[in-house]
Amino acid sequence: MSPRLFYRTLAIAEAITWTGLIGAMILKYGFDAGGLPVLIAGSIHGLVFLTYAFTAVLVGVNQRWSIPLIVLGVATAIVPYATVPFDIWADRTGRLNGPWRRELSDDPRDKHWIDRTMRWFLNHPAALIGIFVVGIAGIMTVLLIVGPPGGWK
């Protein structure tokens with residue numbers, strides 16, 4: 001899977017889960033459906049949100065985006081549906097073009113520790129997936145312990 005397809009898939013999935021969360025909030029507050037729909041949709045959205053954030057960082061580093069651009073890419077997940085226009089813009093401006101950078105090139109930036117680390121993980125996909133899963137699971141666990149915004153009612 002190319003960086004472009006990986007990123008675009010998560011950007012669209014993040015927007016879709018916003019729809020689920022908004023729909024669940026309409027059910028809860030507009031139709032007095034209780035908190036279960038928001039709990040389910042919110043948990044799914046949270047999982048996809050974190051996965052998108054990890055993906056935006058990984059793809060951003062691979063594509064050599066600037067740090068402010070990576071931060072903006074992650075921040076678009078906070079605003080409902082903003083990942084889609086950012087994705088379209090990134091694609092149209094060529095920021096999603098190119099393969100995964102698995103090999104050392106002549107580019108002096110490839111000698112930086114973050115690029116070496118990224119190449120190692122890209123060449124060891126099981127480790128990369130493990131880091132993704134452990135990182136997302138750890139953050140989700142902490143967030144579930146802390147509870148939803150506004151607390152449990």
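Because the structure is a prediction, the values reported are computed rather than measured. (Residues numbered from 1 in each chain as written. Predicted model: local features only at pLDDT ≥ 70, side-chain atom pairs only at ≥ 80, totals over all residues. Heavy atoms only, no water.)

1. Here's the deal with the pattern of salt bridges
Under the definition given, this model contains 9 salt bridges. Between aspartate 91 and arginine 8 there is a salt bridge, with the nearest N and O atoms lying 3.4 Å from each other. Residue aspartate 91 is located in helix 4 (residues 83-92), and its partner arginine 8 is located in helix 1 (residues 3-30); the two are separated by 83 residues in the primary sequence. Here arginine 101 ties to aspartate 110 by a salt bridge, and the two come within 2.8 Å at their closest N and O atoms. Judged by relative accessible area, which is 13%, arginine 101 ranks as buried. Counted as one network, the salt bridges with shared partners bring together Arg64, Arg101, Asp107, Arg109, Asp110, Asp115 and Arg119. (Salt bridge = Lys/Arg side-chain N within 4 Å of Asp/Glu carboxyl O. Helix = DSSP H or I, 4+ residues; strand = E, 2+ residues; numbered from the N terminus. Buried < 20%, exposed > 50% of the residue type's maximum accessible area, 1.4 Å probe, protein only.)

2. Digging into helix 2 (residues 36-62)
Across its 27 residues, helix 2 extends 39 Å between first and last C-alpha, which sits within 8% of the 39 Å expected from 1.5 Å per residue. The positive-phi residue at the C-terminal boundary of helix 2 is arginine 64, with phi of around 60°. (Expected span 1.5 Å × (residues − 1).)

3. Section: the UniProt feature "transmembrane region" (unreviewed entry) in the protein
As annotated in UniProt, the feature "transmembrane region" (unreviewed entry) corresponds to residues 6-27, 39-59, 65-86 and 126-147 in the numbering used here. As annotated, residues 6-27 comprises 100% helix and 0% strand, and the C-alpha atoms at either end are separated by 32 Å. (UniProt positions renumbered as here; feature names shortened; annotations may be inferred.)

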